[in-house]
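If you want the building blocks of each chain, they are given just below.
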Amino acid sequence: MRMREVAGVLLIAAVVLVPGAPAAAGTKVTTKPELANQCVSIRSASAGVIVRTPDGYRFSKDGRPAAFYLKPISLRTTFIYGGPGHILSSGGPTRTGVQVVDAVDPAIEGSWVFKPAGGGRFSISSNAAAGFLTQVGSKLRVTGIDRPLPKQTFSVSRAKGCLPYPEASLGATGKGFKGTNKNGTVFGFADSHLHITANYRAGGRVIDGESYDPLGITVALGGDAENHGEDGSLDVTGNLLRTGLPFGGHDTSGWPTFSGWPTNGTNTHQQTYYMWLKRAWKAGLRLTVAQTVEDQPICEIEPLRSHTCQETPAIISQVRRLKGLQNYVDAQAGGHGRGWFRLAYSPKQARKVIEQGKLAVVIGVESSNPFDCSLEGGKSDCTRKMIDRRLDQLRSEGVRSMFLAHWVNNALAGPSPEGGIKGAFINVFNKYQTGSYLTVENCPDPAEGEVVEALSPLEIQILSNYYPKTAYLRDEPLPEYPDTPQCNTEGLTPLGAYAVKRMMDRHMLIELDHLSEKSREAVLEIAEARNYPLVSGHTGTGGA
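Residues numbered from 1 in each chain as written. Predicted model: local features only at pLDDT ≥ 70, side-chain atom pairs only at ≥ 80, totals over all residues. Heavy atoms only, no water.

What's the story with a nonpolar patch on the surface in this structure? I'm lost.
A cluster of nonpolar side chains, L245, F247 and Y466, forms an exposed patch at the surface whose accessible area comes to about 260 Å². Structurally, the position occupied by F247 is in the loop between α3 (236-243) and α4 (274-282). Here F247 falls in the partly exposed class, since its relative accessible area comes to 43%. (Patch = residues over 30% accessible without salt bridge, like charges linked within 9 Å, V, L, I, M, F, W, Y side chains within 5 Å. Areas by Shrake-Rupley, 256 points an atom, 1.4 Å probe, with all protein chains shown as cover. Salt bridge = Lys/Arg side-chain N within 4 Å of Asp/Glu carboxyl O. Helix = DSSP H or I, 4+ residues; strand = E, 2+ residues; numbered from the N terminus. Buried < 20%, exposed > 50% of the residue type's maximum accessible area, 1.4 Å probe, protein only.)

Quick question: what am I supposed to make of the environment of N37 here?
Counting through the fold element by element, N37 comes out in the segment before β1 (38-44). Sequence spacing of N37 and D475 is 438 residues, and the spatial spacing of their C-alpha atoms is 60 Å. The contact partners of N37, leaving out residues within four places of it in the chain, are Y69, L70, K71, P72 and Q332. In this structure the side chain of N37 is engaged in a polar contact, spanning 3.1 Å, whose partner is the backbone oxygen of Q332. (Contact = heavy atoms within 4.5 Å. Polar contact = N/O pair within 3.5 Å; in protein donor to acceptor, adjacent residues only side chain to side chain.)

Can you help me understand the packing of helix α8 (residues 384-397) against helix α11 (residues 494-505) in this one?
Helix-helix packing: each pair is described by the crossing angle between the helix axes and the interaxial distance. Interhelical geometry of α8 versus α11 gives an angle of 35° and a closest axis separation of 10 Å. Between α8 and α11 the crossing geometry is right-handed. Contacts from R384, I387, D388 and L391 of α8 reach α11 at L495, Y498, A499, R502 and M503. A per-class count over the contact of α8 with α11 returns six nonpolar, no polar and three charged. (Axes fitted to C-alpha atoms, helices over the stretch in contact; angles between N-to-C directions. Left-handed = near helix turned anticlockwise from the far one by under 90°. Nonpolar A, V, L, I, M, F, W, Y, C, P; charged D, E, K, R; others polar.)

Quick question: what am I supposed to make of the environment of V319 here?
Position of V319 relative to the elements: it lies in helix α6 (residues 311-333). A relative accessible area of 0% places V319 in the buried class. Sequence separation between V319 and H336 is 17 residues, and the spatial gap between their C-alpha atoms is 18 Å. Every residue in contact with V319, bar those within four places of it in the chain, is listed here: T292, I363, E397 and V399.

Sorry if this is basic, but what is going on with the layout of surface pockets here?
In this structure, the largest pocket spans a volume of roughly 580 Å³. Along the walls of the largest pocket sit 27 residues, with H195, A198, R201, N267 and K422 positioned nearest its centre. Its residues assigned to classes, the lining of the largest pocket comprises eight nonpolar, 15 polar and four charged. (1 Å grid on protein atoms, 1.4 Å probe; cavity = no way out; pocket = protein on both sides within 12 Å on 5 of 7 lines; lining within 4 Å. Points joined across faces, edges and corners; volume = space filled by probe spheres on them.)

Is there a simple way to explain the state of the cysteines in this structure?
Covalent bonding between the sulfur atoms of two cysteines defines a disulfide. As enumerated under the stated definition, the model contains four disulfides in all. Through a disulfide, C373 is tied to C382; the S-S separation comes to 1.9 Å. We note that C373, like C382, is buried. Between the sulfur atoms of C443 and its disulfide partner C487 the distance amounts to 2.1 Å. (Disulfide = S-S within 2.5 Å.)

Could you clarify how one ought to interpret the side chain of E311 in this entry?
Mapped onto the fold, E311 is located in helix α6. With no salt bridge to any partner, buried E311 finds its closest opposite charge in R201, at an N-O distance of 9.0 Å. Polar contacts involving the side chain of E311 include one to the side chain of S367, which spans 3.1 Å. (Lys, Arg positive; Asp, Glu negative; His and termini not counted.)

Please clarify how unusual backbone geometry should be interpreted in this entry.
Trans is the prevailing form of peptide bonds, just as negative phi is the prevailing case for residues other than glycine. A cis amide bond, omega 5°, links W255 with the succeeding residue P256. Tracing the sequence through the fold places P256 in the loop between α3 and α4. The omega torsion of the bond from W261 to P262 falls at 5°, within 30 degrees of zero and hence cis. For P262, the position within the fold is in the loop between α3 and α4. A positive phi is found at A202, a non-glycine position, where the angle reads about 60°. Mapped onto the fold, A202 is located in the loop between β13 (189-194) and α1 (217-220). Of note, H507 is a non-glycine position whose phi angle comes to about 60°, a positive value. Take H507: it is sitting in the loop between α11 and β20 (509-511).

Honestly, helix α9 (residues 420-434) in this entry has me stumped. Any pointers?
Because each turn of an α-helix spans 3.6 residues, side chains separated by three or four positions in sequence point in the same direction. The end-to-end C-alpha distance of α9 is 21 Å, a good match for the 21 Å that 15 residues give at a rise of 1.5 Å each. Burial of α9 is extensive: 11 of the 15 residues sit out of reach of the surface. For α9, every residue scored as buried is listed here: G423, A424, F425, I426, N427, V428, F429, N430, K431, Q433 and T434. Phi turns positive one or two residues past the end of α9, at G435, with a value near 95°. (Expected span 1.5 Å × (residues − 1).)

Is there a simple way to think about the packing of aromatic side chains in this case?
Summed over all chains, the structure comprises 17 aromatic pairs. An angle of 70° between the planes, with centres 6.1 Å apart, marks the rings of F258 and W276 as edge-to-face. Within this pair, whereas F258 is found in the loop between α3 and α4, its partner W276 is found in helix α4, the two being separated by 18 residues in sequence. For W276, a relative accessible area of 18% corresponds to the buried category. Each member of the aromatic cluster is reached from another via a ring pair, and the members are Y212, W255, F258, Y273, Y274, W276 and Y328. Directly above the ring of W407 sits R201, whose terminal nitrogen or CZ lies 4.7 Å from the centroid. The ring of Y212 carries the charged tip of R321 above its face, separated from the ring centre by 4.0 Å. (Phe/Tyr/Trp six-rings, centres within 6.5 Å; stacked < 30°, edge-to-face > 60°. Lys NZ or Arg CZ within 6 Å of the ring centre and 35° of its normal.)

Can you help me understand the nonpolar core in this one?
The tendency in soluble globular proteins is for nonpolar side chains to be buried as a group. Membership of the largest hydrophobic core comes to 64 residues, with the highest contact counts inside it found for Y273, Y274, F341, F371, M402 and L534. Looking at this core, the element that brings in the most residues is α6, giving seven residues. Every residue in contact with F341, bar those within four places of it in the chain, is listed here: I196, L277, L322, L325, Q326, V329, L359 and V361. Within the second largest apolar cluster, 25 residues are counted, among which are A202, I207, V236 and I426. (Core = buried A, V, L, I, M, F, W, Y, C linked by side-chain atoms within 4.5 Å.)

Put into structure tokens, the structure is as follows:
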């Protein structure tokens with residue numbers, strides 16, 4: 001294979017990112033920085049402070065102030081947390097307004113909006129009941145009017161004795177580097193391939209755990225059994241990828257013990273909770289490519305899923321989830337733009353973020369059918385107009401980096417085969433999607449390729465018991481492969497060459513990985529003719 005220099009190492013400079021990016025969502029600081037993640041007491045001008053009583057809360061002029069931890073759950077809304085089982089929330093109606101009660105479990109409806117009301121005071125409105133927190137005698141009520149009255153404004157003071165809202169510990173201290181080196185370059189390390197939104201892959205019910213949840217870590221990392229079963233036996237895809245067998249089990253304990261996961265031996269659990277990513281940022285991570293990911297064939301054969309298997313809409317939902325994460329991190333810091341997680345859409349933006357000592361996040365796409373250019377029964381409805389339309393759509397959402405192929409042949413290019421039982425499982429996806437198993441040939445160079453395997457008739461039989469949509473494969477002939485490393489016979493198609501050139505016209509980062517040797521060589525030829533840099537950020541599959 002001809003070796004050419006690939007510009008993946010230049011990611012820290014983000015040299016080919018598109019200028020003229022969309023502005024990040026939100027332009028106004030709506031969460032007061034002095035309130036975010038602080039322990040406070042709340043005082044009425046005439047009735048004293050809020051105190052806790054055996055049956056709830058009331059105002060008192062001489063009681064001990066209740067200590068509340070203010071946990072932002074968005075740029076606008078906040079939990080008023082009084083400890084486990086004590087989340088201030090709205091309850092049922094009374095003659096004097098809606099009751100204010102303790103909620104045991106977190107819910108969006110239990111959040112509040114703090115707004116400055118002048119004189120250092122705040123109005124506090126309920127996200128569930130239409131109205132403001134109101135002092136009615138010694139009682140807490142929610143009453144609805146257009147503008148807060150004096151009895152609906154409160155002073156908020158720092159307090160002690162709070163139990164912080166449940167969260168993963170950071171486990172890192174110290175002041176990070178910001179600015180530039182003496183020669184003007186930026187400093188830090190890059191992770192060019194990170195699946196922050198992996199839990200949305202394969203239809204959204206295969207990978208358990210979220211990178212963040214507005215309701216907190218108890219929801220984000222506490223519900224493995226819901227998808228995988230109490231003993232992990234419903235994690236069929238995870239079992240197949242771990243052992244090659246669909247049956248098995250695992251400890252489903254996530255938060256708070258984490259005795260079962262995360263672990264590096266699983267493909268079906270969240271590995272990038274935002275606090276873990278924050279720890280990496282504290283250690284010097286300054287640039288990452290957040291690879292959104294979906295594979296239509298595995299999504300379609302999964303018995304359970306939460307969203308569409310069409311890849312472009314699925315990818316866009318993940319892009320918007322990344323924007324939501326940026327807003328959530330900002331909220332924890334007290335407002336828009338204050339957080340350490342910053343989406344970057346241009347070289348200038350990425351450099352500015354890194355100079356500020358924050359994490360620049362580029363949005364990428366790793367999917368089996370980019371632009372929805374799939375092969376079904378060996379045919380495709382993909383056109384140049386469709387590629388242009390999807391490319392413009394993804395770019396407008398903020399995508400700046402893309403793979404041309406992932407696991408199966410598509411209308412653009414062939415992928416590089418994977419070896420072992422994982423590769424045999426993936427080959428079933430190719431058969432399901434395209435109508436045929438991968439066809440292989442001797443590689444151009446002896447150092448290339450993988451020993452390609454196929455499932456046995458018994459394995460197909462067992463597989464179809466768990467994935468009913470593959471039952472027809474029992475009657476289909478199985479492929480036979482040499483026991484020497486092989487390469488995919490499929491290369492870059494004319495549509496694929498068009499897509500590459502259009503991506504270059506839009507200054508997109510183009511990933512070489514996962515491409516078959518033929519596909520990769522063809523992309524390199526186009527790039528060489530245009531003097532265009534490419535990226536090999538994955539390197540584990542078909543890496544240059």
